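Coordinates in review
The chain contents come next:
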Amino acid sequence: MLDFSKAFDKVPHQRLAAKLHHYGIRGKSLQWIQGFLSNSVLYCEIKGPEDHVALQKDLNAVFAWADKWQMSFNASKCQHLTVTPLNTLGIIRRNLGPCSKDVKLKAYQTLVRPQLEYAATAWSPYTARDVKPLEMVQRQAVRFICGEFHRKTSVTPLLDQLQLDQLATRRVMSQCTMFYKIHHGLVNISFPPNIRLHPTSGRLHNLRYLPVLATRNTYKYSFFVRTIPTWNRLPAEAVAAPSVNVFQAIALPAVRVLQPTATHQVI
């Protein structure tokens, strides 16, 4: 009995396609086979716990099929790929180098920044060692977008030029927006029993909430506790705004001023 070594890898794919066409396999069926033969990659994108469960279910099904048909997988060729914001920025830099500033900016805002801000309303970092790596990615992106790589060039004017806020400012704004939605009943989330309106009127507005005393950082920097001080200092026109868009337009300038206090960064 003769067995060809690595037959699949060595068969000329174009000749195989010609033979399939000759024997009547044509149209979409042939296109599908050609697509599979041309360095195709099957992958599954993981964004949350549900994706982990779904992937494991699929893997179990594949291994059950392989066991039934006495097939085996080459473990050395099975890999997983972790995509980070820095990886994505690297891909953009390699592929969009000659593109215009607008295209690079749009790519950063679409592909990189959402990764840096994923679920930030809930998990917003408060230590310098966690905040700096996030800002560093944006600073590298800004230098790439503007083509300014000189070490003595300040990034702050470049951020202003691109009209980009610091990520810390955007996180505070995102938290305040969620607080606005909860306060006005725009989302199906209720305030905990200990989050109550202030009984007295304030200097800025009458929709203030009582500050919550917290001694442990894990609670002190949780969503409601860390957002209340900023909310209480927003303009009355913002907290009573008729829509989310109006709220954000009025609140953002105030958040930019309050941001160093609002982020509560610690070492």
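Residues numbered from 1 in each chain as written. Predicted model: local features only at pLDDT ≥ 70, side-chain atom pairs only at ≥ 80, totals over all residues. Heavy atoms only, no water.

Looking now at the nonpolar core. Of all hydrophobic cores here, the largest spans 21 residues; its most connected members are F179, W231, L234 and F247. Secondary structure elements with two or more residues in this core: helix 10 (167-183), helix 12 (223-232), helix 13 (236-239) and helix 14 (244-262). Core analysis: the second largest hydrophobic core is formed by 20 residues, L116, A141, C146 and V155 among them. (Core = buried A, V, L, I, M, F, W, Y, C linked by side-chain atoms within 4.5 Å. Buried < 20%, exposed > 50% of the residue type's maximum accessible area, 1.4 Å probe, protein only. Helix = DSSP H or I, 4+ residues; strand = E, 2+ residues; numbered from the N terminus.)

What follows deals with the side chain of D165. Within the secondary structure layout, D165 lies in the loop between helix 9 (155-162) and helix 10. A polar contact is formed between the side chain of D165 and the side chain of R256, at a distance of 2.9 Å. Apart from residues lying up to four places away in sequence, D165 is in contact with Q138, R170, L252 and R256. (Polar contact = N/O pair within 3.5 Å; in protein donor to acceptor, adjacent residues only side chain to side chain. Contact = heavy atoms within 4.5 Å.)

This part covers a nonpolar patch on the surface. A contiguous nonpolar surface patch, about 350 Å² in accessible area, is contributed by L59, V62, F63 and F73. Looking at where L59 falls in the secondary structure, it is placed in helix 4 (residues 49-68). (Patch = residues over 30% accessible without salt bridge, like charges linked within 9 Å, V, L, I, M, F, W, Y side chains within 5 Å. Areas by Shrake-Rupley, 256 points an atom, 1.4 Å probe, with all protein chains shown as cover. Salt bridge = Lys/Arg side-chain N within 4 Å of Asp/Glu carboxyl O.)

Attention now moves to the packing of helix 5 (residues 85-95) against helix 6 (residues 101-116). Where helix 5 contacts helix 6, the axes come no closer than 9 Å and their chain directions differ by 165°. Taken together, the axes of helix 5 and helix 6 lie roughly antiparallel to each other. Crossing geometry of helix 5 relative to helix 6 is assigned as left-handed. On the side of helix 5, the interface is formed by P85, T88, L89 and I92, while helix 6 contributes A107, Y108, L111, V112, Q115 and L116. Of the residues assigned to the contact of helix 5 with helix 6, the class counts are 8 nonpolar, 2 polar and no charged. (Axes fitted to C-alpha atoms, helices over the stretch in contact; angles between N-to-C directions. Parallel < 35°, antiparallel > 145°, perpendicular 65-115°, else oblique. Left-handed = near helix turned anticlockwise from the far one by under 90°. Nonpolar A, V, L, I, M, F, W, Y, C, P; charged D, E, K, R; others polar.)

Let us now look at helix 10. For helix 10, which comprises 17 residues, the first-to-last C-alpha distance of 24 Å matches the rise-based estimate of 24 Å (1.5 Å per residue) to within 8%. Of all 17 residues that make up helix 10, 12 are buried, and the element is covered over most of its length. Those residues of helix 10 that fall on the buried side of the exposure criterion are L167, A168, T169, R171, V172, M173, Q175, C176, T177, F179, Y180 and I182. In the stretch just after helix 10, G185 is the one whose phi turns positive, near 70°. (Expected span 1.5 Å × (residues − 1).)

With that out of the way, let us pick up the packing of aromatic side chains. The full count for this structure, using the stated rule, is 11 aromatic pairs. Look at Y126 and Y221: their rings are 4.1 Å apart centre to centre, the planes differ by 10°, and that puts the pair in the stacked class. One end of the pair, Y126, is in the loop between helix 7 (120-123) and helix 8 (128-146); the other, Y221, is in the loop between helix 11 (217-220) and helix 12, and 95 residues separate them in sequence. Since its relative accessible area comes to 22%, Y126 is described here as partly exposed. The class of Y221 is buried, set by a relative accessible area of 7%. (Phe/Tyr/Trp six-rings, centres within 6.5 Å; stacked < 30°, edge-to-face > 60°.)

Looking now at the packing of helix 10 against helix 12. The N-to-C vectors of helix 10 and helix 12 enclose an angle of 95°; their axes lie 10 Å apart at closest approach. Between helix 10 and helix 12, the angle falls in the class roughly perpendicular. Taking contact as the criterion, the partners of V172, Q175, C176, M178, F179, Y180, I182 and H183 in helix 10 are, on helix 12, F223, F224, R226, T227, I228, T230 and W231. In terms of residue class, the contact of helix 10 with helix 12 is made up of 10 nonpolar, 4 polar and 1 charged.

The next subject is the environment of Q115. Among the structural elements, Q115 can be located in helix 6. For the pair Q115 and L86, spaced 29 residues apart in sequence, the C-alpha separation works out to 9.7 Å. Not counting the four nearest positions on each side in its chain, Q115 is found in contact with V83, T84, P85 and T88. A distance of 2.8 Å separates polar atoms of two side chains, one belonging to Q115 and the other to T88.

These figures come from the coordinates and say nothing about function on their own.
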